[in-house]
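One letter stands for each residue in the lines below.
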Amino acid sequence: MKLLKPSWVSHNGKPIFSVDIHPDGTKFATGGQGEDSGKVMIWNMAPVLREEDEKNENISKMLCQMDNHLACVNCVRWSNNGLYLASGGDDKLVMVWKRAAFIGPSTVFGSSSKLANVEQWRCVTILRNHTGDVMDVAWSPRDVWLASCSVDNTIVIWNARKFPEMITTLRGHTGLVKGLTWDPVGKYIASQADDHSLKVWRTVDWQMDANITKPFSECGGTTHVLRLSWSPDGQYLVSAHAMNNSGPTAQIVERDGWKTNMDFVGHRKAVTVVKFNPKIFKKKQKNGSSPKPSCPYCCCAVGSKDRSLSVWLTSLKRPLVVIHDLFDKSIMDISWTLTGLGMLVCSMDGTVAYLDFSLDELGDPLNEEEKNSIHQNIYGKSLAITSTEAQLSTTIIENPEILKYQQERQNSAQANSGPGAAAPESSAPKLNSVMNGESLEDIRKNLLKKQVETRTADGRRRITPLCIAQLDTGDFSPALFNSVPILPSGSSMSSQLTPQLSSDSSPGQASSMGLKPTHDPMLTSPPPNNTAKPMEDNNDGVKSSLLLTSASKIEPMKALDSRFTERSKATPVTVQKEAKTKEETSSDSEDKMAAINKNLTFGKRKPELLLDGREVLEKRKKGRPRKDKMAASMAQPFTQEPSRVVAPPAPVAVLKLPTPSTQKAFSLQVSMEPSVFLEVENEVSMVAGSKLSQLRCSRDGRDWNTLLPSSVVVAAGSSDILAVACEDRMLSVFSSCGRRLLPAIQLGTPASALHCSAHYVMVLTAGATLSVWDVQKQKALVKNESLLTVLSGADTTVSQSLLTQQGVPVIGLSNGKSYCFSSSLETWTLIADKSDSLVQCADFRSCLPSHDTPVSSGPLAVMQGRNLNAGRLASRLSSTPHHLQQSMTLAFLENQLASALTLQSAQEYRYWLLIYARFLVNEGSEYRLRELCKELLGPVHKSAATSWEPTTLGLRKRELLREVLPVIGENLRFQRLFTEYQDQLELLRNK
């Protein structure tokens, strides 16, 4: 263990009451007393961790100082996603800070110029409700809520998704509340107060669950803070300031029954702060020794008024380390790094200490998956961290419809989990697929062991229905869990809950349509000996539907897409006769498919159901061919004459553009504000012969994932949508919450580039075609437009492509030319040419607005190169006749205006319009100026004949005219023009 006291972390000798390390470990915040206000400071972690960084003058130690609090700051806490910092102080306020992007350094108010804020943190919301000093703040897991407690004896829960909305106020303490901690699975929040009690509250209904007073009854005197802490496995809650045999202790409260049998003993004065290490550890293995199964354990730091710090492991009876007289005054706060190996401690004496541990001392930290599995084992699926916050925040059933639905589900689950559900385990093939964070194999085993039971707030039992049938990998929609057919009594065959089978051979992936039971559904599984016997007619004459479930050598769905091969002879699909052993001829397989279709209706898109007596018929849609198998021949509706089978010809396309190679896994950030990260992992598991790929997305700390039946080659996204193109040339589009927005789109050739912007998706394919879709309106803006018109020359290729916020596609070529496709003109338009002499000779530097920053982020600027090389050659052309120079500049500026218009880039249009107007004024071109003003003003009186549009690119033309007029007024030659249009504008304003 190493110990360091960085002397440069200080509030000018004033007390530091709180410290917290940022989740990414690069910075930490301190809160305490300022000169005449509360002070929050953000520091760089690098100089603490590395001596060379501390000595390096260029690495700043302080990143930001915020003096907004009117009185002492008692607590600072980073949100779990690291985007926000919350601080609470004696001014009764909670402030939430967020980093302001794109603002450079500034000096601290009222200080010498040396003290500069490297990062800018802005107060984005102030939470006002407490009537006394705020003592502690705490973010819930996944940042759903923010809690704050105060000396007004209350705890306020704020909605962290919608500041400054309040969820509730927890009342019950009769003394100053001085500490808060959330249970790591978000089910409880605990608080400790000066009224000698520790209270645990449920987050389901915000009622008190436990009130623990016994360990605190002897406590005398008060401490400034009572920072309690919950262990990362959720099993233990450790309090501050308890007493045992008149000695100060940190009381350990067990989650199971809130028992108080253990404590941490040894400090000479009251314990002020307890902080658990965020990691769960297991014993470190000696090199070469076989791993012994050891119990995971937690690590906890305890700080006291006696100025000493102790660190405990729950696997040891004695503390791992005790450091006496670390400070001159009481310890106030402790914060661990997320890695679990570093710890910052602060004290009332205004100093901070850093402790650095090694893996040898603490042990090996468990990774997130192992931690999750511990949570799942203890708390079950519904509460484990992997579950979404929706499950936590909606546990109370708030409307009668949902209640009715839940009861129906419970009844059907009980009906299905009767004796029939004990299917032989051996016949179920091992599946590695994962659904809702849980493998199918686990689901089966759990169901066979016992029903999964939860209890609602009022104590009623709820049985969670689980699916135990074998699934194909078309798409795993949550709908799979909702269709549970009920078996008619007297069924002898073992029942299996039927998921909605979905085949990945159907072109659309719209709604998963399940098995539609007819009048009296008999949904059965074949006997486990893998030979499909023809089914006898039922008593009531309905042929029982055969369901492909658990026969272990069968790949599900093989039978359904009529690709009958040798290995599918055991597939139970025949209704009248056994499957032929030789490979089927197409007409044969057609009849067979039609026969199956009589009884089964499958497909991902909604089948058109024709109810004829008791038979259900379905028209199959034409499927897309799988790459590795023959094209699927699809059954037409069951009719007398044999129907024709058409296999679509393979598209022959010359691949002009390169395609990205498939990687095993990749990740990318698709949006900064809000922060959206996308991770792709290809071939995560094999199910039924097709490889699954996982798409994981985290947005502002909220995660979702989905599975795709083919490897993802390229992905893109914006703050609104995400798009991925797969190896099978399918394009899928999802919302930012993971909902599929469009059915899978079949591309003609593999994707070369993919872009998303706002709610538009653009695909550039290897066959040199371009498509753009508006996902919101569900319509194509550009449809398979060929690039061959602009790809002149054999070696020209696309070097850059982008999609503007307005859905305009832009292509940059290797020859320096950039084009955009205008959907209104339905043609390619040239917007930039690096070798264009007009660009290089235009001299408009004198016309650049002095106050307006150049637009460097617009699509036009991006494609032309930021500095435009403008005027680079203009100085060399001083010998050029003036009129030639003028014509070149004019032509260039008009090109820029037209390009900005086509690109629908409003900011750039306005920017170039003002430069153009200033240039016309400088050069005295009255004709052009008058035409420009006339176009911007439009007709003064309404008339039916006019086709004048009042806006361009969302900018009001008359507002633009108001900006242009002062420029015109600068040149006295145009004062008449100026007054004429000024009067017209006034006239219109007064109308």
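The structure reproduced in this document is the subject of the present report.

Reading guide: rules and limits
Residues numbered from 1 in each chain as written. Predicted model: local features only at pLDDT ≥ 70, side-chain atom pairs only at ≥ 80, totals over all residues. Heavy atoms only, no water. Helix = DSSP H or I, 4+ residues; strand = E, 2+ residues; numbered from the N terminus. Buried < 20%, exposed > 50% of the residue type's maximum accessible area, 1.4 Å probe, protein only. Salt bridge = Lys/Arg side-chain N within 4 Å of Asp/Glu carboxyl O. Pairing = 2+ DSSP bridges. Core = buried A, V, L, I, M, F, W, Y, C linked by side-chain atoms within 4.5 Å. Contact = heavy atoms within 4.5 Å. Polar contact = N/O pair within 3.5 Å; in protein donor to acceptor, adjacent residues only side chain to side chain. Axes fitted to C-alpha atoms, helices over the stretch in contact; angles between N-to-C directions. Parallel < 35°, antiparallel > 145°, perpendicular 65-115°, else oblique. Left-handed = near helix turned anticlockwise from the far one by under 90°. Nonpolar A, V, L, I, M, F, W, Y, C, P; charged D, E, K, R; others polar. Expected span 1.5 Å × (residues − 1). Arc of directions from axis to C-beta.

1. Topic: the environment of P141
Argument step 1. Turning to its location among the elements, P141 is positioned in the loop between strand 12 (134-139) and strand 13 (145-150).
Argument step 2. The exposure class assigned to P141 is buried, which follows from its relative accessible area of 15%.
Argument step 3. For the pair P141 and D183, spaced 42 residues apart in sequence, the C-alpha separation works out to 8.1 Å.

2. Looking at the pattern of salt bridges
Argument step 1. Counted according to the given criterion, the structure contains 28 salt bridges.
Argument step 2. A salt bridge links R202 to D209; the nearest nitrogen and oxygen atoms lie 2.9 Å apart.
Argument step 3. Since its relative accessible area comes to 26%, R202 is described here as partly exposed.
Argument step 4. Take D209: its relative accessible area is 28%, and that puts it in the partly exposed class.
Argument step 5. Taken together, the shared-partner salt bridges in this structure form one network comprising R77, D136, R227 and D333.

3. A look at the pairing of strand 2 (residues 16-21)
Argument step 1. The element strand 2 is largely enclosed, with a buried count of six among its six residues.
Argument step 2. Summarising the sheet, strand 2 and strand 3 (residues 27-33) pair through five bridges and their orientation is antiparallel. Bridged to D20 within strand 3 is A29.
Argument step 3. Hairpin geometry of strand 2 and strand 3 is characterised by an intervening segment of five residues between the two adjacent antiparallel strands and by a positive phi of about 75 degrees at G25.

4. A word on the nonpolar core
Burial of nonpolar side chains together is a common tendency in soluble globular proteins.
Argument step 1. Among the nonpolar cores identified, the biggest contains 48 residues, and I831, L893, W912, L913, L961 and I968 are the most heavily contacted of them.
Argument step 2. Among the secondary structure elements, those contributing two or more residues to this core are strand 57 (827-833), helix 10 (859-864), helix 11 (882-902), helix 12 (906-923), helix 13 (926-937), helix 14 (957-969) and helix 15 (975-990).
Argument step 3. The dominant element in this core, judged by the number of residues it contributes, is helix 12, at 12 residues.
Argument step 4. Those residues in contact with I968 that lie beyond four places of it in its chain are V921, L929, C933, F974, L977 and F978.
Argument step 5. Among the nonpolar cores identified, the runner-up in size contains 35 residues, and V19, M45, V177 and L180 belong to it.

5. A few points about unusual backbone geometry
Argument step 1. Here the amide bond leading from F163 into P164 is cis, since omega sits at -5 degrees, within 30 degrees of zero.
Argument step 2. Within the secondary structure layout, P164 lies in the loop between strand 14 (154-159) and strand 15 (166-171).
Argument step 3. Its identity is not glycine, yet L953 carries a phi of approximately 55 degrees, on the positive side.
Argument step 4. If you trace the backbone, L953 turns up in the loop between strand 58 (951-952) and strand 59 (955-956).
Argument step 5. With a relative accessible area of 27%, L953 lands in the partly exposed category.

6. A short note on the side chain of T203
Argument step 1. By the element assignment, T203 lies in the loop between strand 18 (197-202) and strand 19 (208-212).
Argument step 2. Within the structure, the side chain of T203 is placed 2.9 Å from the backbone oxygen of G186, a separation counted as a polar contact.
Argument step 3. With near-sequence residues (within four places) excluded, T203 lies in contact with W145, W182, G186, K187, Y188 and I189.

7. Regarding the sheet that holds strand 1 (residues 2-4)
Argument step 1. The strand order across the open sheet built from four strands is 1-32-31-30, with neighbouring strands paired in antiparallel fashion. The open sheet is flanked by strand 1 and strand 30 (331-336), the only strands paired with a single partner. The mean inter-strand angle of the sheet, taken between neighbouring strand axes irrespective of direction, is 20 degrees.
Argument step 2. With three bridges connecting them, strand 1 and strand 32 (residues 352-356) associate as antiparallel partners. Among the inter-strand pairings, L4 is bridged to a residue of strand 32, identified as Y354.

8. Quick notes on the sheet that holds strand 2
Argument step 1. Spatial ordering of the open sheet is given by 2-3-4-5, a layout of four strands whose pairing is antiparallel. Of all the strands in the sheet, just strand 2 and strand 5 (62-66) have a single pairing partner and so form its edges. On average, adjacent strands in this sheet sit at an angle of 15 degrees to one another, irrespective of strand direction.
Argument step 2. Pairing geometry for strand 3 and strand 4 (residues 38-44), over seven bridges, is antiparallel. By the bridge assignment for strand 4, A29 is matched with I42.

9. Quick word on the pairing of strand 45 (residues 702-708)
Argument step 1. Sheet topology places strand 44 (residues 690-699) next to strand 45; seven bridges connect them, and they run antiparallel. When the bridges of strand 45 are listed, Q694 appears paired with L707.
Argument step 2. Connecting strand 44 to the next strand, strand 45, in antiparallel fashion are two residues, including D700 with a positive phi near 50 degrees.

10. Notes on the packing of helix 12 against helix 14
Argument step 1. Interaxial distance between helix 12 and helix 14 falls to 9 Å at its minimum, and their mutual angle equals 30 degrees. Our classification of the angle between helix 12 and helix 14 gives roughly parallel. Helix 12 and helix 14 meet at a crossing whose hand is right-handed. Facing Y909, R910, L913, L914, A917, R918 and V921 of helix 12, the residues of helix 14 in contact are L960, E963, V964, V967 and I968.
Argument step 2. Class assignment of the residues belonging to the contact of helix 12 with helix 14 gives a composition of nine nonpolar, no polar and three charged.

11. Comments concerning helix 15
Argument step 1. The end-to-end C-alpha separation of helix 15 is 22 Å, in line with the 22 Å expected for 16 residues at 1.5 Å each.
Argument step 2. Inspection of helix 15 places L977, Y981, L985 and L988 among the buried residues, and these make up the whole buried set. Buried residues of helix 15 fall within an arc of 60 degrees about the axis and therefore sit on the same side. Opposite the buried face of helix 15, at more than 90 degrees from it, the exposed residues are R976, D983 and N990.

12. Section: the packing of helix 13 against helix 14
Argument step 1. Two elements in contact, helix 13 and helix 14, have axes separated by 8 Å at closest approach and are oriented at 150 degrees. By the angle class used here, helix 13 and helix 14 are roughly antiparallel. Within the contact between the two elements, helix 13 uses L929, C933, E935, L936 and L937 and helix 14 uses K957, R958, L960, L961, V964 and I968.
Argument step 2. For the contact of helix 13 with helix 14, the residue count by class is eight nonpolar, no polar and three charged.

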